[in-house]
There are 2 protein chains.
Amino acid sequence: MTNQPAPAFEPPYLMAVFSNVRSSDASGYPEALARMNEIVSANPGFLGHESARTPGGLGITVAYFRDHEALTVWREDMEHRAAMERGRTDWYDSYTLHVATVERSHGFVRNG
Amino acid sequence: MTNQPAPAFEPPYLMAVFSNVRSSDASGYPEALARMNEIVSANPGFLGHESARTPGGLGITVAYFRDHEALTVWREDMEHRAAMERGRTDWYDSYTLHVATVERSHGFVRNG
């Protein structure tokens, strides 16, 4: 993941917004995150993702997929399902997931 | 804005994801942000928003609207348009905006 905004992909595409507040339990979390990145990156319909976290506060991760099929493969991955369960028991105090179809997008990069 | 994830609203609703990298120029930015919050909050179709920013890195703001009409009113607001122009000339090095219709959502809050 770079430090730049994900690009504006060609609509339509899928976008999953995961906003969350972490718990104080980080046991196994960095390893799981690395493994999840590995799995989702191998999905041919995965377009990219981006994350931001305010220290001590809210984290927002956005993942982009070409179509519903790609997102379904990701949602139903067995390791991902186990990680989601771990998230509810251990890693997150609260979260919301919004799944949406992107209708339009555009990007801006300053010149010079 | 609280430090909790926005709730899962009743689909369908609109979601605008604005991911950005700030420039070093913050002149007038806090005041403009406060004014934009004031304007959008007065929009009857505005459902809520949430933001996270990694220090020195990416910021992600997500705004939720009931329908396209509410989002159009926000996009065409004259003060908002002036602020967007200011954003391109002064406040942002890069950004991407994705506008989408949310098809499903769910939330989790830890008990106890």
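Residues numbered from 1 in each chain as written. Chains lettered and ligands numbered in written order. Predicted model: local features only at pLDDT ≥ 70, side-chain atom pairs only at ≥ 80, totals over all residues. Heavy atoms only, no water.

*Asks:* Even after reading the chapter, I still don't get helix H2 (residues 68-76) of chain A, so can you show me in this structure?
*Replies:* The α-helix advances 3.6 residues per turn, and as a result positions three or four apart in sequence lie on the same side. Buried within H2 of chain A are the following residues: Ala-70, Leu-71 and Trp-74 of chain A. Each buried residue of H2 of chain A sits inside an arc of 95° when the element is viewed along its axis, so together they form one side. Facing away from the buried surface of H2 of chain A by more than 90 degrees, the exposed residues are Glu-69 and Val-73 of chain A. Of the surrounding elements, those touching the buried residues of H2 of chain A are strand S1 (13-22), helix H1 (29-41), strand S3 (59-65), helix H3 (78-91) and strand S4 (92-109) of chain A together with strand S4 (92-109) of chain B. (Buried < 20%, exposed > 50% of the residue type's maximum accessible area, 1.4 Å probe, protein only. Helix = DSSP H or I, 4+ residues; strand = E, 2+ residues; numbered from the N terminus. Arc of directions from axis to C-beta. Contact = heavy atoms within 4.5 Å.)

*Asks:* Before we go on, may I ask you to explain the relation of the copies chain B and chain A in this structure?
*Replies:* Relating one copy of the chain to the other requires a rotation about an axis plus a shift along that axis. In the superposition of chain B on chain A (RMSD 0.0 Å, axial shift 0.0 Å), the rotation amounts to 180°. Such a combination of turn and shift is consistent with a two-fold rotation axis. Interface residue correspondence from chain B to chain A reaches 100%, placing this contact among same-surface, isologous pairings. (Least-squares fit on C-alpha atoms with pLDDT ≥ 70 in both.)

*Asks:* Would you explain the sheet that holds strand S2 (residues 46-53) of chain A in this entry?
*Replies:* Two strands in a sheet stick together by hydrogen bonds in their backbones, pointing the same way (parallel) or opposite ways (antiparallel). Spatial ordering of the open sheet is given by S2(A)-S3(A)-S1(A)-S4(A)-S4(B)-S1(B)-S3(B)-S2(B), a layout of eight strands whose pairing is antiparallel. Bordering the open sheet on either side are S2 of chain A together with strand S2 (46-53) of chain B, each of which pairs with just one other strand. In this sheet, adjacent strand axes meet at a mean angle of 25° when their direction is disregarded. Sheet topology places S2 of chain B next to strand S3 (residues 59-65) of chain B; seven bridges connect them, and they run antiparallel. (Pairing = 2+ DSSP bridges. Axes fitted to C-alpha atoms, helices over the stretch in contact; angles between N-to-C directions.)

*Asks:* Whenever I open this one, the packing of H1 of chain A against H3 of chain A confuses me. Can you help?
*Replies:* Helix-helix packing: each pair is described by the crossing angle between the helix axes and the interaxial distance. Residues and elements named next belong to chain A. Two numbers describe how H1 lies on H3: the axes approach to 11 Å, and their chain directions differ by 150°. Regarding the angle of H1 to H3, the classification is roughly antiparallel. Of the two possible hands of crossing, H1 and H3 adopt the one that is left-handed. In this structure, H1 uses Tyr-29, Ala-32, Arg-35, Met-36 and Ile-39 to contact H3, whose residues at the interface are Glu-79, His-80, Ala-83 and Trp-91. Here the contact of H1 with H3 is built from residues that sort into six nonpolar, one polar and two charged. (Parallel < 35°, antiparallel > 145°, perpendicular 65-115°, else oblique. Left-handed = near helix turned anticlockwise from the far one by under 90°. Nonpolar A, V, L, I, M, F, W, Y, C, P; charged D, E, K, R; others polar.)

*Asks:* Help me understand the confidence of the model for chain A, please; the structure alone is not making it clear to me.
*Replies:* Across chain A, the average pLDDT comes to 96, with 97% of residues at 70 or higher. Predicted complex metrics record ipTM = 0.95 and pTM = 0.96. (pLDDT = per-residue confidence, 0-100.)

*Asks:* What exactly am I supposed to notice about the UniProt feature "domain: ABM" (unreviewed entry) in chain A here?
*Replies:* As annotated in UniProt, the feature "domain: ABM" (unreviewed entry) corresponds to residues 15-86 of chain A in the numbering used here. For residues 15-86 of chain A, the end-to-end C-alpha separation is 23 Å, with 43% helix and 32% strand making up the annotated structure. (UniProt positions renumbered as here; feature names shortened; annotations may be inferred.)

*Asks:* Just checking my understanding: could you explain the packing of helix H2 (residues 68-76) of chain B against helix H3 (residues 78-91) of chain B for this structure?
*Replies:* Residue and element names in this part refer to chain B. It is the contact of H2 with H3, at a shortest axis distance of 5 Å, that shows an interaxial angle of 60°. As the angle between them shows, H2 and H3 are arranged oblique. Contact residues: Trp-74, Arg-75 and Glu-76 in H2; Met-78, His-80, Arg-81 and Met-84 in H3.

*Asks:* Is there a simple way to think about the pairing of S4 of chain A in this case?
*Replies:* One face of the sheet, then the other: side chains in a regular strand alternate in exactly this way. When S1 of chain A meets S4 of chain A, the two strands line up antiparallel, connected through ten bridges. Across the sheet, Ser-19 of chain A pairs through a bridge with Thr-96 of chain A, a residue of S4 of chain A. In the sheet, S4 of chain A pairs with S4 of chain B via 15 bridges, with the strands oriented antiparallel. Bridging across to S4 of chain B, Val-109 of chain A finds its partner in Ser-94 of chain B.

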